[in-house]
Amino acid sequence: MPDATTKPQLHVLLAGPRGFCAGVDRAIKIVEEAIRQYGAPVYVRHEIVHNRFVVESLERQGAVFVEELDEIPDNGKPVVFSAHGVPKSIPSEAERREMFYLDATCPLVSKVHREAEHHHARGRHILMIGHDHHPEVIGTMGQLPDGCVTLVEDEAQARLVQPPAGQPLAFITQTTLSVDDTAEMVRILTQRFPDIAAPAKEDICYATTNRQAAVKEIAPRADLMIVVGAPNSSNSLRLVEVAQRAGVARSIMVQRGRDLDLALLEGVRTVGVTAGASAPEVLVEEVLNRLREGYNLRTEEVVVAEEKVIFKLPAALTQPAA
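All residue numbers here refer to positions counted from 1 along the written sequence of the relevant chain. Given that this is a predicted model, residues contribute local features only at a pLDDT of at least 70 and side-chain atom pairs are listed and counted only at 80 or more, while totals for whole chains, interfaces and linings are drawn from all residues. Excluding hydrogens and water, the side-chain figures rest on all heavy atoms present in the structure.

Peer 1: Could you give an account of the packing of helix α1 (residues 22-38) against helix α2 (residues 52-61), with specific residues and numbers?
Peer 2: Note on geometry: axes are C-alpha line fits, over the in-contact stretch for helices, and angles between N-to-C directions span 0 to 180 degrees. Helix and strand definitions here come from DSSP, where helices need a minimum of 4 consecutive H or I residues and strands a minimum of 2 consecutive E residues; each element is numbered from the N-terminal end. It is at 10 Å that the axes of α1 and α2 come closest, and there the two elements cross at 10 degrees. Between α1 and α2, the interaxial angle falls into the category roughly parallel. On α2, the residues touching I28, V31, E32 and I35 of α1 are V54, L58 and Q61. For this classification, Asp, Glu, Lys and Arg are treated as charged, while Ala, Val, Leu, Ile, Met, Phe, Trp, Tyr, Cys and Pro are nonpolar and the rest, including Gly, are polar. Of the residues that constitute the contact of α1 with α2, the class distribution is 5 nonpolar, 1 polar and 1 charged. Between 65 and 115 degrees an angle is taken as roughly perpendicular, under 35 as roughly parallel, over 145 as roughly antiparallel, and anywhere else as oblique. We call two residues contacting when some pair of their heavy atoms lies within 4.5 Å.

Here it is, written out as C-alpha cells:
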C-alpha cells in the first residue's frame, strides 16, 4: 500500500444533497422509537427502506422483518409499514386482526395516494407512471379497486397505452423516478390526451429532484461517478442513469466501501460521489475511506440545494399513552 507521500492525488466532488431524505429518516426513527417504547420485537413489513445496512442495523436493535402480516404472531407487538406505502388491504387486515400498527409511509407518497383517491372520486381513470413490482407502485395502485389504474413504465408504453374509452383521465407518478424521463412521458401523454388531469404539484419528490440535480452538476466534471446505494433502490438506480446521461464517462453503484474496486480508478483524476435517499452518510464515509487507501483526496462539495424538510412521527409515538 503506498504511503501518503507516494499516493496520487484524487479530486472528489461530493454531491449535496445526498443520502437520507426526510421520509427515510422518519421511517427509521419510527422503528427505533417503537423498539424503545414497546421493546423488542417490533415487526416491519418489508424492508423499511431499500438499504441492507439500515435493515441489519435495525435487526440488531430488535426489528423483525417479514414479507406479509400472516408471519406475525398475535402477541400485541407493533408492526410498522415501510416508507414505500402499502395497499389499503394491508391496514384493513391489520385492523381485522386487531394489530397495533404504525404507518411509516413517506408523507410525499401518501400525497400521491390521496391524489389517486381524488381522481377516482371524480370518475377519472388514472395512468400511473412508475416501475412495475416496485413497492411504492404496488401501494399506490392498491389504494383503488383493481382496474382503476393503468401502469405506464416507459416512453413506448406512453405512446401505446389505451385507457378505457369515454372516461376522463388523470396521471400520477412514482416519487423516485428520473425527472427527465418522466417529463418526456408526461409530454407524450398530454399530447395524446390533451384533457388529462395533472397533479397540482409534481409527484416526484424534492429529494429525488435535488439529488439528480446535484449529479447533473457534477457529471460533466468527473471521470467516474460513484453512487452509494442498493440495487433495489429506485432513486439510487436513477442517479447512476442520470450521471451517465449527464456526461460522465462511467457511473457505478456500490453498497459499501469494501465493494469499491480501486482498479476502477485507474486513469481517473476526478470522481463524483453521491448517495441515494436511503443510504446513510456513514456509507459515504466508508467509500471515501476506501478511496484514501490508494489516493490523497482533495474534496469539494457541490451543493445545489439546502434541505430543511422534517416530517413528524406518528402521534402514537409522541403522545402519552391513554
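Peer 1: Quick rundown of helix α7 (residues 179-192)? Include the residues and the values.
Peer 2: Taking 1.5 Å of rise per residue, the 14 residues of α7 would be expected to cover 20 Å, and the 20 Å separating its terminal C-alpha atoms lies within 8% of that figure. Those residues of α7 not exposed but buried are V179, T182, M185, I188 and L189. Multiplying 1.5 Å by the residue count of a helix minus one yields the expected span of that helix. Summary of the burial criterion: residues with accessible area below 20% of their type's maximum are buried, those above 50% are exposed, and those between are partly exposed, where the area comes from a 1.4 Å probe applied to protein chains only.

Peer 1: Describe in detail the side chain of T182, supporting the description with residues and values.
Peer 2: Secondary-structure assignment places T182 in helix α7. Contact partners of T182, with chain neighbours within four places excluded, come to I129, T173, L177 and I204.

Peer 1: Account for the sheet that holds strand β12 (residues 296-303), with residues named and values stated.
Peer 2: The strand order across the open sheet formed by 5 strands is β10-β9-β11-β1-β12, and the pairing between neighbours is parallel. The open sheet has two edge strands with one neighbour each: β10 (250-254) and β12. With strand direction ignored, the average angle separating the axes of adjacent strands in the sheet is 25 degrees. Across 4 bridges, strand β1 (residues 9-16) lies against strand β11 (residues 270-275) in parallel orientation. Its bridge partner lying in β11, H11 is registered against T270. Where helix α8 (residues 206-218) meets the sheet, it contacts β1, β9 (224-228), β11 and β12, and its direction lies at approximately 150 degrees from that of β1. Paired strands, in this sense, are two strands between which DSSP finds at least two bridges.

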